[in-house]
Amino acid sequence: MKLYHYNLMSRYRTHLMGLAMLWVIFFHSSIIIHNPIIDFVKSIGYGGVDIFLMLSGLGLYYSYRKCSNPVSFYKRRVFRILPTYIPIVLGYYILLYLLNLAPLKAIFLNITTLSFWFHSDYMFDWYIPALILLYFITPFIMHIFEKQQTPSSKYITIGIIILISLFISFMIINSKLNYLIIFTSRIPIFLIGILIGYWSDSNKIITKKHLLLHLICLIIGFSLLSLFISHFDAYLWSYGLWWWPFMLITVPLCLFICLILEWLCSVTSSQLNILKFFGLFSLELYLFHERLLYLLSFVIGHLGLPFLNLIAIILTIIFAYSWKKIIDFLNHHQLVTRKQKLSQF
């Protein structure tokens, strides 16, 4: 039997990001689904965010291992997100302000990412502000994690930090900070991503026992999610019941998808480039799609939801591709200019 390792998660990271992005786009779309199974898949498409956070933890593990200097770490992260994020947010809220759909203060609150932390009515998104905070705390977590000499002590370290995050989540339930639970309930899956990065880096083998355990977690996770949605809908948001089951679902789901992708690549010549495309442009696609869908609803919403969503997706792909190419060009130009200036000394 062929042996598989957890580095499958690293190898197919971009593909997983692509699938997660497609799932999030499906979740945000306004099309009406009549098939109950497909509708359920759509209704839990926010789980794509959990996949992103797990993969972020995995990626940040490798990034920190490559360069553990906190200043350099922060610079790389900031230059990855903010040049892409801030102009889009700025342009979007200037347009909303001109259309009398948002106040002027919304521009400041969103380009500073404070809109989420202060629970603004005109919040652009919660994910990027939360991700920036996770970027900030990662060097501290990794410093503690790296100091541990044995695998068991590393597991205990991650476990303790997970318990702290769970305690924070339980403390803010039924409080004025309850809106933060959409983020705090996702901290564990980010930390698990760091652990997956460690397993991937150490070439840990996926044993039959591991597969069985992952399968059990997947079944329990989806069973709990289905139970919560069908019987505890009044508590889905206030108690975070939307998100807790994905602590059990995310890693097994990604692992089994990776095994399927590995099999597909072995029996076909396809490199699944469509998934790689959506993975490579996932940030830009995420930032554009929901906003374009909202704006287009005022213009062509009367033409029907299928047409509206089709045009939104087409424009999202065009805008995302173009914007990433522009930002990459500007970053490359800035890097070349900096090197030229340094060569003069």
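Up top is the structure these notes are about.
Residues numbered from 1 in each chain as written. Predicted model: local features only at pLDDT ≥ 70, side-chain atom pairs only at ≥ 80, totals over all residues. Heavy atoms only, no water.

J.: Break down the overall build of the protein for me, with residues and values.
T.: Secondary structure assignment for the protein yields 16 helices and 2 strands. The dimensions of the protein, computed from C-alpha atoms along their principal axes, are 70 × 60 × 50 Å. Here the protein holds 345 residues, and 45% of them are scored as buried. When contacts within the protein are restricted to residue pairs at least 6 apart in sequence, those whose partners lie at least 24 apart make up 75%. Summed over its atoms, the accessible surface of the protein is roughly 18,100 Å², and 71% of this surface lies on carbon and sulfur atoms. Here the protein contributes 25 positively and 11 negatively charged side chains, and the mean placements of these two sets differ by 11 Å. (Helix = DSSP H or I, 4+ residues; strand = E, 2+ residues; numbered from the N terminus. Buried < 20%, exposed > 50% of the residue type's maximum accessible area, 1.4 Å probe, protein only. Contact = heavy atoms within 4.5 Å. Areas by Shrake-Rupley, 256 points an atom, 1.4 Å probe, with all protein chains shown as cover. Lys, Arg positive; Asp, Glu negative; His and termini not counted. Charge placed at Lys NZ, Arg CZ, Asp CG, Glu CD.)

J.: Run through the pattern of salt bridges, naming residues and quoting values.
T.: Opposite charge on two side chains lets them pair, provided their charged atoms get close. Under the defined criterion, the tally for this structure stands at 7 salt bridges. The shortest N-O distance in the salt bridge between R186 and D50 comes to 3.2 Å. Of this pair, R186 sits in the loop between helix 10 (181-184) and helix 11 (187-201) while D50 sits in helix 4 (residues 47-66), and the two are 136 residues apart along the sequence. Of the two residues, R186 and D50, both sit in the buried class. With its nearest N and O atoms 3.2 Å apart, the salt bridge here joins R65 to D201. Separated by 136 residues along the polypeptide, R65 in helix 4 and D201 in helix 11 bring together distant segments of the chain. Looking at D201, the relative accessible area reads 34%, which means it is partly exposed. Sharing partners across several salt bridges, the network here consists of R65, E146 and D201. (Salt bridge = Lys/Arg side-chain N within 4 Å of Asp/Glu carboxyl O.)

J.: Go over the environment of H5, please, and point to the residues and values.
T.: With respect to the helices and strands, the residue H5 is situated in strand 1 (residues 4-5). In this structure, the C-alpha to C-alpha distance between H5 and L163, residues 158 residues apart in sequence, is 27 Å. Setting aside residues no more than four positions away along its own chain, H5 makes contact with N203, K204, I205 and I206.

J.: Account for the side chain of S153, with residues named and values stated.
T.: Take S153: it is sitting in helix 9 (residues 151-172). Exposure remark for S153: the relative accessible area of 17% places this residue in the buried category. Among the polar contacts made by the side chain of S153, one reaches the main-chain carbonyl oxygen of T150 at a distance of 2.7 Å. (Polar contact = N/O pair within 3.5 Å; in protein donor to acceptor, adjacent residues only side chain to side chain.)

J.: Tell me about a nonpolar patch on the surface, residues and numbers included.
T.: A cluster of nonpolar side chains, L95, L99, L101, Y294, F298 and V299, forms an exposed patch at the surface whose accessible area comes to about 540 Å². It is helix 15 (residues 282-300) that provides the largest number of residues to the nonpolar patch, a total of 3 residues. Relative to the helices and strands, Y294 resides in helix 15. (Patch = residues over 30% accessible without salt bridge, like charges linked within 9 Å, V, L, I, M, F, W, Y side chains within 5 Å.)

J.: How would you sum up unusual backbone geometry? Please name residues and give values.
T.: Within the chain, N100 stands out as a residue other than glycine whose phi angle is a positive 60°. Tracing the backbone through its elements, the reader meets N100 in the loop between helix 5 (70-98) and helix 6 (105-111). The class of N100 is exposed, set by a relative accessible area of 70%. The phi angle at N203 is positive, at roughly 60°, despite the residue not being glycine. A residue is classified by how much of its surface remains accessible, and N203, at 38% relative accessible area, is partly exposed.

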